[in-house]
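Report on the structure
Residue strings, one per chain:
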Amino acid sequence: MIVAEHQIEAILEKQSTATLRVQTLGNFQLWRQSEPVDTKAWGRDVALQLFQFFIAYRHRRGLHKEQIIDQIWYDADSKSGQQNFKVAHHGMNKAIEPNRKSRAEPKYIIRQGQSYQLDLHDMWVDVEAFDQLITLGNQALLEDKAVAKRAYREAIQLYKGGFLPNRIYEDWSTEERERIQLLALGAMINLSELLLQENPLESIRLTQKALQLDATWEEAYRIQMAAYLEKGNRPMALKTYQQCKRVLDEEFGIQPLPETKKLFEKIKAIH
């Protein structure tokens, strides 16, 4: 899996070489040529919101202007929506490329007629790098565990919190936020399982992190129980099961899965 190793290196290297760098996880920040862009540079919030929308929909080709307006300013009338877009589009391009010549085409927001698309060629976006690392980790999971572990570790390091926390009440951001959180949970679980025997303490730390994101993620409890058992800490393994049982009962009114119960019985039988 030498190719995968090179791909990981390329993703990490782009973070320092891209002209534009964007953080969306846990906080929002934009850097131009390694210099942080002040919030005031956006002028109005609609400009920032439009850019963040393009980040969320970065893989959608040819987003029509009317679609964008309907998603962001769904409660505005046609005239107000058009005006919002015009102001936002101008402010966004000014914040991203303040030194662009007046008649030059924007570098990062490509326009074709009434359709727009984000160009990621010379832009590093944490959520895009996160996505790519998760994909590499999943592809290597069965063939090269060392590559999988590294890819997952790098992805988890990028996950500093939810996607665009300043837009949690915007419908257009919800799908991407939920998708990214599920990927983060999956990476934490996969990595904790890979490290179960060689580093049970890290497995415990990762499952705790996963349970902070979703306290009902039963697989995390099960791996944590196994990790405590690996460490010889039977009381904590039993306590983890009880916590799992309580949370599932409180949240869903259900019992743990047979697989989890079986592990509990195994631990309980140890003297």
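Shown above is the structure to which this text applies.
Below: a short report on this structure. Please read these numbers as outputs of a predicted model, since none were measured by experiment. Once a new chain begins, its residue numbering starts again from 1 and follows that chain's sequence as written. Where local features are concerned, this predicted model is filtered to residues with pLDDT of at least 70; where side-chain atom pairs are given and counted, the filter is 80 or more; whole-chain, interface and lining totals use all residues. Values reported for side chains reflect all heavy atoms of the structure, with hydrogen atoms and water molecules removed beforehand.

This part covers the pairing of strand β2 (residues 29-32). Pairing between strands is defined by DSSP: at least two bridges between the two strands are required. Labels follow the DSSP assignment, with helices taken as runs of H or I lasting at least four residues and strands as runs of E lasting at least two, numbered in each case from the N terminus. Sheet topology note: the strand β1 (residues 20-23)/β2 ladder contains four bridges and is antiparallel. If you follow Gln23 over to β2, its bridge partner there is Gln29. Between the antiparallel neighbours β1 and β2 lie five residues, among them Gly26 with a positive phi of about 85°. The pairing of β2 with strand β3 (residues 35-36) spans two bridges and is antiparallel. Its bridge partner lying in β3, Trp31 is registered against Pro36. Where β2 folds back onto β3 in an antiparallel hairpin, the turn is made up of two residues, including Gln33, whose phi is positive at roughly 50°.

Let us now look at the sheet that holds strand β5 (residues 109-112). Read across the open sheet, the three strands follow the order β4-β6-β5; overall the sheet is antiparallel. Only two strands of the sheet have a single neighbouring strand rather than two, namely β4 (63-64) and β5. Taken together, the two bridges between β4 and strand β6 (residues 115-118) define a ladder with antiparallel strand orientation. Its bridge partner lying in β6, Leu63 is registered against Tyr116.

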